[in-house]
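Understanding the architecture of this molecule
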Amino acid sequence: MGKTIIISNRLPIQLQIHNGGITAIPSVGGLATGMKSVHSGGDSLWIGWSGLTDEEIPENLVGDIDDALSKHGSSKVNLSQQEVDGFYYGFSNRTVWPLFHYFLEYSEFEIESWETYKKVNQKFADAIVAKADDDDTIWVHDYQLMLVPQMVREKLPNISIGFFLHIPFPSFEIFRTLPWRKEVLEGLLGSDLIGFHTYDYERHFLSSVRRILGLDVSFNDIYLEDRIIKVDSFPMGIDYKKFSDAALEHQQRSKAEQSELQQRLNNHKESAPDAKFILSIDRLDYTKGIAKRLNAFEYFLTKYPQYKEKVRLIILAVPSRSNVPQYQLLKREVDELVGRINGEFSTVSWTPIWYFYRSMPFENLIDLYTSSDIAWLTPIRDGMNLVAKEYVATRTDKTGVLILSEMAGAANEMNESLLINPNNFEQIADTIHQAIQMPKEEQQERNDVLQKRLERYNVERWANDFMSSLTDQKENSRSYVSRKLSAQLLDKITDDYKTSKRRLLFIDYDGTLAGFHNNPQKASPDEELYDLLDAISSQENTDMYLISGRDKETFTKWFLPKKYNMIVEHGVWISENGAEFSMLENVKKDWMEKILPVLESFVDRTPGSFIEEKNYSLAWHYRKTDPDFGQKRASELNTVLTSLIANDDLSVLNGNKVMEIKSSNVNKGRAAMRMYGKNDYDFVFAIGDDWTDEFMFQELPKTAVTVKVGLQKTSAKYYVDGTKDVRKLLKRFID
Ligand SMILES: O=P(O)(O)OC[C@H]1O[C@H](O[C@H]2O[C@H](CO)[C@@H](O)[C@H](O)[C@H]2O)[C@H](O)[C@@H](O)[C@@H]1O
Ligand SMILES: O=c1ccn([C@@H]2O[C@H](COP(=O)(O)OP(=O)(O)O)[C@@H](O)[C@H]2O)c(=O)[nH]1
Ligand SMILES: [Mg+2]
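Residue numbering note: each chain is counted from 1, following its sequence as written. Naming scheme: in the order in which they are written, chains are lettered from A and ligands are numbered from 1. Whole-chain, interface and lining totals are the exception, using all residues; otherwise, since this is a predicted model, local features are given only for residues with pLDDT of at least 70 and side-chain atom pairs are given and counted only at 80 or more. Just so you know, side-chain values use all the structure's heavy atoms and leave hydrogens and water out.

**Thoughts on the pattern of salt bridges**
When a carboxyl oxygen of Asp or Glu is within 4 Å of a side-chain nitrogen of Lys or Arg, the pair counts as a salt bridge. Under the counting rule described, the total for this entry stands at 52 salt bridges. The shortest N-O distance in the salt bridge between lysine 474 and aspartate 192 comes to 3.4 Å. Residue lysine 474 is located in helix α17 (residues 459–480), and its partner aspartate 192 is located in the loop between α7 (181–188) and β8 (193–196); the two are separated by 282 residues in the primary sequence. The burial state of lysine 474 is the same as that of aspartate 192; both residues are buried. The partner of arginine 283 in a salt bridge is aspartate 285, with the nearest N and O atoms 3.1 Å apart. Taken individually, arginine 283 and aspartate 285 each receive the classification buried, so the pair is uniform in this respect. A run of DSSP states H or I qualifies as a helix once it reaches four residues; a run of E qualifies as a strand once it reaches two. Both are numbered from the N-terminal end. Any residue under 20% of the maximum accessible area for its type is buried, any over 50% is exposed, and the rest in between are partly exposed; the area is computed with a 1.4 Å probe on protein chains only.

And the structure:
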């Protein structure tokens, strides 16, 4: 097991130059604070940006800076001012950040900053490659580095790469507006595992992958030619113990040991013992809804005037990304709002809002958390929001009320808090009122549940879950690429075939025995194929079945005179030894009239596509359409159908340029297993090219020889390249 390399834009510490010397200060923000506890525990290297540009670093300090970082297990990527502008202030925080948080109108699409983003991502990737060995595990963090996984993959094809996105992944409708959406997705797909905070972000991401890249997605796996990528949600936790221990320790301090801030807080509590402190802590970011919160607070004071002089809002806004114009505007807006509200409501003995615009050290955060009766966090969108979790963790006597926006990722796990919609002022005002009135017992009940959960799903557990999922995934992916049939393997299979006592063969038709045609009727069998099938089926002790999704009329015409055994429409019909087709499965077809109009509307909008109406299924073919367009429509149809059929016993099969809707209890695997049960077979063989054949590969016994045509995702043991190789392989059985 090699080392772990963590890579993020920001390192756990930020360097500053003061009076010719270097000072290291802890980084603020969820990623750095959360991962820090993971990093300090193990054998890991953290690569990131020091916070200083090349221009800011005097030559004589270069060595000292490297030393300072290496003391923290870190190593830096050097960035010039121009790079920081284009990459960090530019593409990361003026394009991706607003877009992914649904602030579409703030998003700027500038080609120059995209180019710098690419260049800087390459720098990060190169820094990893320079330090990594093949058995290391790379964990890339966040939206600033979305191209890094693929860039590393190109240099180190076998290394394990995980990626975690700390911010939301927006819905397809939003993400599609990004001019470089394809490149971003491809960059991420260099990973083996991609993690999100919530299932919703994961779902949005998968839908974009399906619709923009047209890739095969099954549950939460993405199939590439030679790898599988797993996508999953891992809600990030906090270092619970660190916060609860700090709060306990804080409680035991004597007056003299308390911080200046704590003493001020105490003085205010003493002067107005009934007054409540409401706390809000965030980076000064438009996604955090600080301005809205101030307006809502004003509304609350108007709606519930009895709380004048009884509540105080403490706002800690941490300076962030202040080179981005939106952040500067927000700063001005918040300053003005605080001034106006305080001006409007203050009395001689009461200022409703205390406003701090700075970053506070850990000790002061604990002062604020432990002194506040209510924490009020109302982001308009937030990937997770760790402050919410930290507040609850510090409540040693379990009192305190958390009011949390339902738009924060954390809301998914903190149902016992008071969840609000940050745009609904009426609801917010009433909720603050409810929080102030909430009996102690109820507060404790709610926090008890929350604390237990936070303690269990702490940041260490989060990191371990992610890492072990990454290890598993790497193994799955390795075993996924099935083996190409080498000459040696072919000899072995032929030998087993010839020495077996009773054989059972399942052979798919389209894409396996015959190539594809724009018109399916034209893909008819040729003489060579008839000869081959005649020879196999007439062998002693050999049960050969052609197994296909085609309709029974076509197969009757082509093969009934030949008396081959046939299973068609995926297993609805069977014909053996030249008998008429009879039903193998009893299936309903009343759903068809509901689905047909949907397919028709897709035919109308997708020139070249057409519907094939089979007896018990409907297929929408798009072989003749423009490939990209067809793929796009197929993903769209898939989305529509999946929601339409959710409650029926139907499934959608994604075949080769065809989507078929049929009863769930009919598939080739089930049909094949019924044949397998009829006799004692010591050689079972199945070959096929598409998704629908996977049912056979999965359900037939492990000893079966299963062969996929074409290198694609498969459960088959082996693969061959194309229809020519299929015939070559089958010929071996009769030579
Ligand atoms: O590095 P900055 O530009 O100063 O910004 C600070 C960090 O902000 C973001 O944090 C996110 O991660 C948290 C933990 O997963 C999550 O709780 C929060 O909702 C996110 O906004 C950003 O993702 C980081 O990259 C920044 O470093
Ligand atoms: O003055 C401050 C204010 C906040 N934080 C920390 O910054 C993080 C903020 O993370 P969150 O997930 O809430 O939001 P983000 O800033 O990452 O969007 C939390 O761990 C806080 O403890 C800090 O270190 N100093
Ligand atoms: Mg086929």
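**Overview of unusual backbone geometry**
Located in the positive-phi region is glutamate 309, a residue other than glycine, with phi close to 70°. Considering the arrangement of structural elements, one finds glutamate 309 in the loop between α11 (290–303) and β13 (311–318). Take glutamate 309: its relative accessible area is 37%, and that puts it in the partly exposed class. Unlike most non-glycine residues, asparagine 577 shows phi in positive territory, near 50°. One can find asparagine 577 in the loop between β22 (573–575) and β23 (582–583). On the basis of relative accessible area, asparagine 577 is assigned to the exposed category, the value being 60%.

**Some points on the site of ligand 1**
Residues in contact with ligand 1 amount to 20 residues; listed here are only the nearest, Arg10, Tyr88, Asp142, His166 and Asp382. A 3.5 Å cut-off defines polar contacts: any pair of N or O atoms within that distance qualifies, except that in protein one atom must be a possible hydrogen donor and the other a possible acceptor, and neighbouring residues in sequence count only when both atoms are side-chain atoms. In this structure, an oxygen atom belonging to ligand 1 sits 2.9 Å away from a main-chain N or O atom of asparagine 385. Using the Shrake-Rupley algorithm and a 1.4 Å probe, accessible areas are obtained, with residue cover drawn only from the displayed protein chains. Burial of ligand 1 by the protein chains amounts to 96% of its free accessible area of 560 Å². Mapped by element, the contributors of at least two residues to the shell around ligand 1 are α1 (30–41) and α3 (81–100). Following the grouping adopted for this structure description, the nonpolar residues are Ala, Val, Leu, Ile, Met, Phe, Trp, Tyr, Cys and Pro, the charged ones are Asp, Glu, Lys and Arg, and the polar ones are all others, Gly among them. Taken together, the residues of the shell around ligand 1 break down into 8 nonpolar, 7 polar and 5 charged. Domain delimitation follows an automatic or database domain assignment. Each of two domains, domain 1 (4–233) and domain 2 (240–456), supplies a minimum of three residues to the shell around ligand 1. Any residue with a heavy atom positioned within 4 Å of a molecule or strand is treated as near that molecule or strand.

**Some points on the coordination of the magnesium ion (ligand 3)**
The protein atoms donating to the magnesium ion (ligand 3) are Asp508 (OD), Asp510 (O) and Asp689 (OD), with metal-donor distances spanning 2.0 to 2.2 Å. Donor criterion used throughout: N, O or S atom within 2.8 Å of the metal, extended to 3.2 Å for Na, K and Ca. Water excluded; incomplete-looking sites may result. Donor residues for the magnesium ion (ligand 3), ordered by position in the chain, follow D-x1-D-x178-D. With aspartate 510 in the loop between β19 (503–508) and α19 (527–537) and aspartate 689 in the loop between β28 (683–688) and α24 (694–699), this residue pair connects regions lying 179 residues apart in the sequence. Taken individually, aspartate 510 and aspartate 689 each receive the classification buried, so the pair is uniform in this respect.

**Remarks on the environment of tyrosine 327**
Of note, tyrosine 327 is situated in helix α12 (residues 325–345). Considering only alpha carbons, one finds tyrosine 327 and serine 405, 78 residues apart in sequence, at a separation of 21 Å. In what follows, residue pairs with any heavy atoms lying within 4.5 Å of each other are defined as contacts. The residues contacting tyrosine 327, other than those within four sequence positions of it, are Trp97, Leu284, Asp285, Tyr286, Ser320, Arg321 and Ser322. A distance of 3.1 Å separates the side chain of tyrosine 327 from the side chain of arginine 321, its partner in a polar contact.

**Focus on the nonpolar core**
Generally speaking, nonpolar side chains in soluble globular proteins are found buried as a group. The biggest cluster of nonpolar side chains holds 101 residues, and the ones touching the most others in it are Phe205 and Phe300. The element best represented in this core is α3, accounting for 9 residues. Counting only domains with at least three residues in this core, you end up with domain 1 (4–233) and domain 2 (240–456). Discounting chain neighbours no more than four positions away, the residues touching phenylalanine 300 are Tyr307, Val311, Ala429, Ile432, His433 and Ile436. Only buried Ala, Val, Leu, Ile, Met, Phe, Trp, Tyr and Cys residues count toward a nonpolar core, and they belong to the same one when joined by side-chain atoms within 4.5 Å. Grouped together as the second largest cluster of nonpolar side chains are 58 residues, Leu11, Ile57, Leu69 and Ala246 included.

**Some points on the sheet that holds strand β29 (residues 705–709)**
What makes two strands pair is DSSP finding at least two bridges between them. Pairing in this open sheet of 9 strands is mixed, and the strands run β18-β30-β29-β28-β19-β20-β21-β22-β23 from one edge to the other. What marks the edges here is a single partner per strand, and that holds for β18 (483–484) and β23. Two strands pair when backbone bridges link them, and β22 and β23 are joined in this way by 2 bridges, in the antiparallel orientation. Bridging from a neighbouring strand, isoleucine 574 pairs with serine 582 of β23. Axes here mean lines fitted to C-alpha atoms, for a helix over just the part in contact, with angles spanning 0 to 180 degrees between N-to-C directions. Across the sheet, helix α23 (residues 668–676) is in contact with β19, β20 (542–547), β21 (565–568), β22 and β28; its angle to β19 comes to roughly 160°.

**Regarding the pairing of strand β1 (residues 4–10)**
With 6 of 7 residues buried, β1 lies mostly within the body of the structure. Note that β1 and strand β6 (residues 137–141) share 4 bridges and pair parallel. Each bridged residue has a counterpart across the sheet, and for isoleucine 6 the counterpart in β6 is tryptophan 139. One ladder, built from 5 bridges, connects β1 with strand β4 (residues 44–49); its direction is parallel. Following the sheet pairing, isoleucine 5 is matched in β4 by leucine 45.

**Points about the packing of α11 against helix α15 (residues 425–437)**
Geometry of a packed helix pair, given as the angle between the helix axes and the separation of the axes. Viewed as axis vectors pointing N to C, α11 and α15 meet at an angle of 65°, and their least axial separation amounts to 9 Å. Overall, the two elements α11 and α15 adopt an arrangement that is roughly perpendicular. The two elements α11 and α15 cross, and the hand of that crossing is right-handed. Counted together, Lys292, Asn295, Ala296, Tyr299, Phe300 and Lys303 of α11 and Phe425, Glu426, Ile428, Ala429, Asp430, Ile432, His433 and Ile436 of α15 form the full contact between these two elements. Looking at the contact of α11 with α15, its residues break down into 8 nonpolar, 2 polar and 4 charged. Each angle receives one of four descriptions, namely roughly parallel if under 35 degrees, roughly antiparallel if over 145, roughly perpendicular if within 65 to 115, and oblique otherwise. Two helices that cross are described as forming a left-handed crossing if the nearer one is turned anticlockwise from the farther one by less than a right angle, and a right-handed crossing if clockwise.

**Concerning the domain arrangement of the chain**
Split into domains, the chain comes out as domain 1 (4–233), domain 2 (240–456), domain 3 (483–585 + 666–732) and domain 4 (592–662). If you average the C-alpha positions of domain 2 and of domain 3, the two centres end up 67 Å apart.

**Some details on the packing of α19 against helix α25 (residues 723–734)**
Across the interface, α19 lies against α25 with an axial gap of 9 Å and an inter-helix angle of 40°. Compared by their axis directions, α19 and α25 come out oblique. Crossing angle aside, the handedness with which α19 passes α25 is left-handed. Where α19 abuts α25, its residues Glu528, Leu529, Leu532, Ala535 and Ile536 lie against Arg727, Leu730, Lys731 and Ile734.

**With respect to the side chain of glutamate 569**
With respect to the element layout, glutamate 569 can be found in the loop between β21 and β22. Positive charge is attributed to Lys and Arg, negative charge to Asp and Glu, and no charge count is given to His or to the chain ends. No salt bridge is formed by the buried glutamate 569, whose closest oppositely charged neighbour, lysine 552, lies at an N-O distance of 6.1 Å. Polar contacts involving the side chain of glutamate 569 include one to the side chain of asparagine 615, which spans 2.9 Å. With residues near it in sequence (within four places) discarded, glutamate 569 still touches Ser548, Gly549, Arg550, Asp551, Lys552, Lys614, Asn615, Tyr616 and Val666.

**So, the packing of aromatic side chains**
Any two aromatic rings considered together are summarised by their centre-to-centre distance and by the angle between their planes. Each pair of aromatic rings taken from Phe, Tyr and Trp, with Trp reduced to its six-membered ring, is defined by centres within 6.5 Å and is described as stacked if the planes are under 30 degrees apart, edge-to-face if over 60, and tilted in the remaining cases. Counting across every chain of the model gives 51 aromatic pairs. When the centroid spacing of 5.3 Å and the interplanar angle of 15° are considered together, the rings of tryptophan 114 and tryptophan 180 count as stacked. Placement of the pair is tryptophan 114 in helix α4 (residues 111–131) and tryptophan 180 in the loop between α6 (172–175) and α7, with a sequence separation of 66 residues. For tryptophan 180, a relative accessible area of 9% translates into the label buried. Relative to tryptophan 354, the ring of phenylalanine 277 lies with its centre 6.1 Å away and its plane at 35°, an arrangement referred to as tilted.

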